[in-house]
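Descriptive structure summary
Listed here are the chains, written in short residue letters.
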Amino acid sequence: MQVGIDQIAFYTPDYVLNLTDLAQAREIDPDKFKIGIGQDWQAVVPNYEDVVTMAVNASRKIIDADNSHQIDEVIFATESGIDNSKSAAIYLKKLLELPDYLRTIEVKQACYGGTYALMSARDYVMLHPDRKVLVVAADIARYGLNTAGEVTQGAGAIAMLVSADPQLAVINNDSVFMSREVTDFWRPLDSDTALVDGHLSTEIYLTMFVELWQKYCQKNKQTIADVSAFAFHLPYTKMGKKALNQIIDQASVDQQESLTKRLLASQQYSRQVGNLYTGSVYLSLLSLLAHDDSLQAGDQVNLFSFGSGAEAELFSLTLQPDYQDLINATVLDYQLAQRQRLSVVEYEKMFKSQLYDSHQDQETTALDDRTICQFYGWRAGQRL
Ligand code: CAA
């Protein structure tokens, strides 16, 4: 029996910061952001949205009356959760109006959590092939104003429905994974922003990718010739290039060209949204499928998932015959193009309004009646 991703959807808020504007405000050469880091735009989250509302908006694109009663588990991966005890999944389940007879749980290991959630869902469906699992990876990547990490912020949610005989892609049983305690990136309980040694985290990411690539090839008796494309966790898009560059000379000249072209396709959404933390590698996958028309059913796409701290996993998907019918690139591209461009001053105000201290006065900096939370009267910090 084959199990995998039956459907996938993405949501990001309606506000966006142009990184040339940010570079100018910070008196940095814009080419550093656009070329050196590889980011053009960054999602900005208004204070009435959080990981739960973003997850609802993503999930609603794939959950309907036909499949909601088949769901046995809701697994919510995040490192920007809203409660230290209660799972974000239980709020999500309520807002999606799912039945009570299912499991809800939140998982955390930095940006890696989404992949643990996906693998756990795969294992559950293997044992219960007539049931489905909703996996959500949602985060707000927040480093702070005027920090080195500011250019690598972002936000959004990915929702995936995991089932037997999936329409989109089968998850192959070829995973290799590793964990190693590293103090490269963490967020203390009383901090709204991450603490990070960005250069160390880049180094650990690259080291873990090479180590896992070697292990993957040995374990599965594969070479790079078996891989049609890679989708990387992208804290910033240059990272994917750095990772692939470490192994690309193992490929033939033709394949090098094709892998590079597909890497560019996989980076397009991240360039416009920024880091999604747990959802980032799945946004790369979505971007690849939306922007590359040369892939075919049966092709193998290898995913590299990385979470600081640090943990990583490398595994592959096999694309299914109708996968293209499930990816509506035109709609996704249109939605991104419709976002409202903020000035740097507006971005800074909205950024501050998301921080815990600002919830004391509950100032609303922006309103948009399309957000799900307004239907329920919810705002960050003022739940239920
Ligand atoms: N024109 C073109 N390129 C330029 C340039 C210019 N004018 N000025 C600088 N550059 C290039 C540099 O040469 C460098 O390129 P390489 O990386 O290829 O050498 C690149 O721009 C970045 O320059 P710096 O290293 O000097 O930039 P920085 O010190 O400001 O740090 C960063 C960059 C480490 C990514 C920082 O933004 C950061 O800490 N980000 C947050 C942490 C992060 O994203 N870490 C990544 C791995 S961790 C992870 O994956 C988990 C997760 O999601 C957090």
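Keep in mind that this is a model prediction, so the values were computed, not measured. Residue numbers here run from 1 along each chain, matching the order of that chain's written sequence. For a predicted model such as this one, the threshold for reporting local features is a pLDDT of at least 70, and the threshold for listing and counting side-chain atom pairs is 80 or more; totals across whole chains, interfaces and linings nevertheless cover every residue. The side-chain quantities take in all heavy atoms of the structure and omit both hydrogens and water.

Some remarks on the pairing of strand β14 (residues 311-319)
Burial of β14 is extensive: 7 of the 9 residues sit out of reach of the surface. Both strand β8 (residues 169-171) and β14 contribute to a ladder of 3 bridges, which runs antiparallel. Within β14, the residue paired with valine 170 across the bridge is threonine 318. When DSSP finds two or more bridges between a pair of strands, those strands are recorded as paired. Numbering of helices and strands runs from the N terminus; a helix is a DSSP stretch of H or I covering at least four residues, while a strand is a stretch of E covering at least two. One ladder, built from 4 bridges, connects strand β9 (residues 176-179) with β14; its direction is antiparallel. If you follow valine 176 over to β14, its bridge partner there is leucine 314. Direction of pairing for strand β13 (residues 300-307) relative to β14: antiparallel, over a ladder of 8 bridges. Residue burial is assigned from relative accessible area. The probe radius is 1.4 Å, only protein chains are included, and a residue is buried under 20% of its type maximum, exposed over 50%, and partly exposed in between.

Here's the deal with the site of the ligand
If a single non-hydrogen atom of a residue is within 4 Å of a molecule or strand, that residue counts as near it. Near the ligand, the surroundings consist of 27 residues, among which Lys32, Ala148, His199, Lys238 and Lys242 are the closest. Whenever two N or O atoms come within 3.5 Å, that pair is a polar contact, provided that in protein one can donate a hydrogen and the other can accept it, and provided that, for residues adjacent in sequence, both atoms are side-chain atoms. At 2.8 Å, a side-chain N or O of lysine 32 approaches an oxygen atom of the ligand. Side-chain polar atom of serine 201 to a nitrogen atom of the ligand: 2.9 Å apart, as the coordinates give it. The fraction of the free accessible surface of the ligand (1,100 Å²) that becomes covered by protein chains is 73%. Of the two site types, the cavity is a set of points on a 1 Å grid over the protein atoms alone where a 1.4 Å probe fits but cannot get out, and the pocket is an open set with protein on both sides within 12 Å along at least five of seven lines, each lined by residues with an atom within 4 Å of a point. To qualify as sitting in a cavity or pocket, a molecule needs more than half of its atoms within 2 Å of the grid points. Most atoms of the ligand, that is more than half of them, are within 2 Å of grid points of the second largest pocket. Put simply, the parts of the chain that give the shell around the ligand at least two residues each are α2 (30-37), α7 (198-220) and α8 (237-245). The element best represented in the shell around the ligand is α7, accounting for 5 residues. The residue classification treats Ala, Val, Leu, Ile, Met, Phe, Trp, Tyr, Cys and Pro as nonpolar and Asp, Glu, Lys and Arg as charged. All others, Gly included, are polar. Looking at side-chain class alone, the shell around the ligand contains 12 nonpolar, 10 polar and 5 charged residues. Per-residue accessibility takes into account occlusion by the displayed protein chains alone, with areas from the Shrake-Rupley method and a 1.4 Å probe.

So, the pattern of salt bridges
Close approach of charged atoms allows side chains of opposite charge to pair. One side-chain nitrogen of Lys or Arg within 4 Å of one carboxyl oxygen of Asp or Glu is enough to make a salt bridge. Under the counting rule described, the total for this entry stands at 12 salt bridges. Glutamate 150 is the partner of arginine 26 in a salt bridge, and the nearest nitrogen-oxygen pair spans 2.8 Å. With arginine 26 in the loop between α1 (19-25) and α2 and glutamate 150 in the loop between β6 (132-141) and β7 (154-164), the pair connects residues that are 124 residues apart, well separated along the chain. Since its relative accessible area comes to 2%, glutamate 150 is described here as buried. Through salt bridges with shared partners, a single ionic network connects Arg26, Glu150 and Glu348.

Concerning the nonpolar core
Of all hydrophobic cores here, the largest spans 79 residues; its most connected members are Ile8 and Leu134. When neighbours within four sequence positions are excluded, isoleucine 8 is seen to be in contact with Ile62, Ile158, Ala159, Met160, Leu168, Tyr282, Leu285, Leu286 and Ile327. As used in this record, nonpolar core signifies buried Ala, Val, Leu, Ile, Met, Phe, Trp, Tyr and Cys residues forming a set joined through side-chain atoms within 4.5 Å. Judged by nonpolar contacts, the second largest core, of 46 residues, contains Val182, Val227, Tyr236 and Phe306. When checking whether two residues touch, look at their non-hydrogen atoms; a contact exists if any pair is within 4.5 Å.

Thoughts on the packing of α7 against α8
With axes taken as lines fitted to C-alpha atoms, and helix axes fitted only over the stretch in contact, angles between N-to-C directions fall between 0 and 180 degrees. Running from amino to carboxyl end, α7 crosses α8 at an angle of 40°, the nearest separation of the two axes being 9 Å. When the interaxial angle is binned, α7 and α8 end up oblique. For the pair α7 and α8, the crossing hand works out as right-handed. Facing α7, whose interface residues are Thr202, Tyr205, Leu206 and Phe209, α8 presents Met239, Lys242 and Ala243. By residue class, the composition of the contact of α7 with α8 is 5 nonpolar, 1 polar and 1 charged. Note on angle classes: values under 35 degrees are labelled roughly parallel, values over 145 roughly antiparallel, values of 65 to 115 roughly perpendicular, and the remainder oblique. Handedness of a helix crossing follows the sense of rotation of the near helix relative to the far helix, less than a right angle counterclockwise being left-handed and clockwise being right-handed.

A short note on the packing of aromatic side chains
When two rings of Phe, Tyr or Trp (its six-membered ring) have centres within 6.5 Å they constitute a pair, described as stacked for plane angles under 30 degrees, edge-to-face for angles over 60, and tilted for the intermediate range. Under the counting rule described, the total for this entry stands at 13 aromatic pairs. For the ring pair phenylalanine 209 and phenylalanine 230, a centre distance of 6.2 Å and an interplane angle of 85° mean the geometry is edge-to-face. Note that phenylalanine 209 is positioned in helix α7 and phenylalanine 230 in strand β12 (residues 229-232), a separation of 21 residues in sequence. Of the residues examined, phenylalanine 230 reaches a relative accessible area of 3% and is grouped as buried. Their ring planes at 65° and their centres at 5.0 Å tell us that phenylalanine 209 and phenylalanine 304 sit as a pair that is edge-to-face. A residue pair is termed long-range when its members are at least 10 positions apart, and phenylalanine 209 in helix α7 and phenylalanine 304 in strand β13 qualify at 95 residues. With a relative accessible area of 0%, phenylalanine 304 lands in the buried category. Connected via pairs of aromatic rings, a cluster forms that spans Tyr205, Phe209, Trp213, Tyr216, Phe230, Phe232, Phe304 and Phe306.

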